[in-house]
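# Residue-level structural notes
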Amino acid sequence: MPTRGTSGGAPNPVLKERKSPQVGTSAGEQQQSASPSPSPVDFVSWAKTVQYQTQVVLHQILELEDERHLDPAWNKVLEQVRSYSLRPSKRIRPGLVLVGYALGRGDTRAPSGLWRFAAATELLHTFMLIHDDVADQADTRRGGAALHKMLGEGRLGENLAIVIGDHLYGRSLEVMLGCNLPDADVATRYFLKVCRYTAAGQYMDIRLPHQPLAELSIYHALRVAYLKTALYGFTAPLVCGAMLSGGDPELINKLERFGRYVGTAYQLRDDLLGLYGQSSVVGKPTDSDLAQGKRTFPLLAAYLRATPEARQEMETLCIPGPKDETMLQRARELVEQHGGRAATERLIERSTNAASRILQTLPEAGGLKQMLRDLLQMLMIREA
């Protein structure tokens, strides 16, 4: 992969087996690995390739030689940040950047600059996770300690984590704008606009637990799902990939709608995992939503259908604050008994079906439509 500031490089296949060019590969060597669009491969192979290559590029862009002389303590914390950022994850956003680009071009080849832009979206996501974990007082992330827990006790660790998040935010924008692809500035501006909307969604997510359930409706939960997850996690990477490829406005419009439906279904599944999932599988505590009094869709859907007595009990159980296992279990039972879980499953199915209908109208690009179907299915039945 070229270093920042060099040319985008020759295209290399997105869907190759795990033999994508490594850091330091020359342009000539990349040209040898390039070929016409490879034969369609299954989703699992594609996902592994994306995860592997994203790890390679993330490792590269987190090696900051110009900062090594700044402070010995800073060098030490950057090692911790690299370790934290490279923890295994689904890497959905980089994959969707590549999908959007391929749909715009009609094949699955990707210039090395696109890999850098895609990895930068993951770095931007890491920045948001760090700040979210401070706000949510989360102890774990991706099977390990949350960054603020790694950096120090109490307020010190939180303050340092916020600073690290700001640092990663700056680095991600630096990489996006420096990826040397046409319309990189346009795509970056679009992503930043979405980040503003995401901040509004996070504001609502933090504020709503301090309002009585009686003052809210399911539309508040859906608005948070759209702003905080669907728009940022799914629509933006797809659209930015298409923009970087020079995709036409009609394709971009379809990807925006597709991302909205997929992202909404994803967040609704996340809400159910936050109630009924297993911490050991999810990789983070599954009682945090109830402890924080999050106004999720399953909770509000159940409240809407509940009896006056059950509503009063739910109001009490969903006040933000520590809860013992008896309280947590009772809250789960109330959501189940009053149809919150079933209503959420129905909306997941409707959103998934709507995304599938849009998917049918997207162009073929080396088997990507089938892989998107597989991705859609995986996201809807996931347990983590």
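Since this is a predicted model, take the numbers as computed values, not measurements.

### What to know about the overall build of the protein
Across its full length, the protein carries 17 helices and 4 strands. Of all 384 residues assigned to the protein, the portion counted as buried reaches 56%. In the protein, 76% of the contacts between residues at least 6 apart in sequence involve partners at least 24 apart.

### Details of the side chain of T264
The topology assignment puts T264 in helix α10 (residues 249–276). A distance of 2.8 Å separates a polar side-chain atom of T264 from the backbone oxygen of R260. Sequence-distant contacts of T264, defined by excluding residues within four places in its chain, comprise L222, A230 and S351.

### Brief notes about unusual backbone geometry
With a phi angle near 55°, R91 is a residue other than glycine that sits in the positive phi range. With respect to the element layout, R91 can be found in the loop between α3 (72–85) and α4 (92–105). The phi torsion at R142 lies on the positive side, around 55°, for a residue other than glycine.

### Overview of the environment of L368
Summarising the element assignment, L368 is placed in helix α17 (residues 368–381). Taking the C-alpha atoms as reference, L368 lies 7.9 Å from L103; in sequence the two are 265 residues apart. In this view, L368 contacts V99, A102, L103 and T108; residues no more than four positions away in its chain are not counted.

### Considerations on the pattern of salt bridges
For the coordinates displayed, the defined rule picks out 20 salt bridges. Salt-bridge contacts for E325 lead to R332; the nearest nitrogen and oxygen are separated by 3.2 Å. Look at R332 and you get buried, because its relative accessible area is 11%. Residues joined by salt bridges that share partners form a network here, namely E63, E65, R68, E79 and R82.

### Digging into helix α5 (residues 112–136)
With 25 residues, α5 should reach 36 Å at 1.5 Å per residue; the first-to-last C-alpha distance of 36 Å fits that figure. Counting buried residues in α5 gives 23 out of 25 residues, a clear majority hidden from the surface.

### What about the packing of α4 against helix α9 (residues 218–244)?
Two elements in contact, α4 and α9, have axes whose closest approach is 6 Å; the angle formed by their N-to-C orientations is 35°. Like other packed secondary-structure pairs, α4 and α9 cross with a definite hand, here right-handed. In contact with I92, R93, L96, V97, V99, G100 and Y101 of α4, α9 contributes Y232, G233, F234, P237, L238, G241, A242 and L244. Counted by class, the contact of α4 with α9 contains 11 nonpolar, 3 polar and 1 charged residues.

### Concerning the packing of aromatic side chains
In this structure the tally under the stated criterion is 3 aromatic pairs. Taking 6.2 Å as the distance between ring centres and 90° as the angle between the ring planes, the aromatic pair formed by F191 and Y232 counts as edge-to-face. Taken together, the residues F191 in helix α8 (residues 184–207) and Y232 in helix α9 connect sequence positions 41 residues apart. A relative accessible area of 0% places F191 in the buried class. Judged by its relative accessible area of 4%, Y232 falls in the buried class.

### Things to note about the environment of L222
Note that L222 resides in helix α9. Once residues lying within four places of it in the same chain are set aside, the contact partners of L222 are T264, F297 and L347.

### Examining the side chain of D205
If you trace the backbone, D205 turns up in helix α8. One polar contact links D205 to K228, side chain to side chain, over a distance of 2.8 Å. Ignoring any residue separated from it by four or fewer positions in sequence, one finds D205 in contact with V224, K228 and K294.

### Here's the deal with the packing of α8 against α9
Between α8 and α9, the shortest axis-to-axis distance is 9 Å and the interhelical angle comes to 170°. Comparing the axis directions of α8 and α9 gives the class roughly antiparallel. Looking at side-chain class alone, the contact of α8 with α9 contains 19 nonpolar, 5 polar and 3 charged residues.

### A word on the confidence of the model for the protein
Residue-level pLDDT values for the protein average 85, and 87% of them are 70 or greater. Within the protein, no element has a lower average pLDDT than helix α1 (residues 27–33), which sits at 32, and none a higher one than helix α13 (residues 297–305), at 97.

### Remarks on the environment of E364
Mapped onto the fold, E364 is located in the loop between α16 (340–360) and α17. Sequence-wise, E364 and G104 are 260 residues apart; in three dimensions their C-alpha atoms are separated by 9.9 Å. For E364, the contacting residues outside a window of four places in its chain are G106 and K369.

About the thresholds
Residues numbered from 1 in each chain as written. Predicted model: local features only at pLDDT ≥ 70, side-chain atom pairs only at ≥ 80, totals over all residues. Heavy atoms only, no water. Helix = DSSP H or I, 4+ residues; strand = E, 2+ residues; numbered from the N terminus. Buried < 20%, exposed > 50% of the residue type's maximum accessible area, 1.4 Å probe, protein only. Contact = heavy atoms within 4.5 Å. Polar contact = N/O pair within 3.5 Å; in protein donor to acceptor, adjacent residues only side chain to side chain. Salt bridge = Lys/Arg side-chain N within 4 Å of Asp/Glu carboxyl O. Expected span 1.5 Å × (residues − 1). Axes fitted to C-alpha atoms, helices over the stretch in contact; angles between N-to-C directions. Left-handed = near helix turned anticlockwise from the far one by under 90°. Nonpolar A, V, L, I, M, F, W, Y, C, P; charged D, E, K, R; others polar. Phe/Tyr/Trp six-rings, centres within 6.5 Å; stacked < 30°, edge-to-face > 60°. Parallel < 35°, antiparallel > 145°, perpendicular 65-115°, else oblique. pLDDT = per-residue confidence, 0-100.

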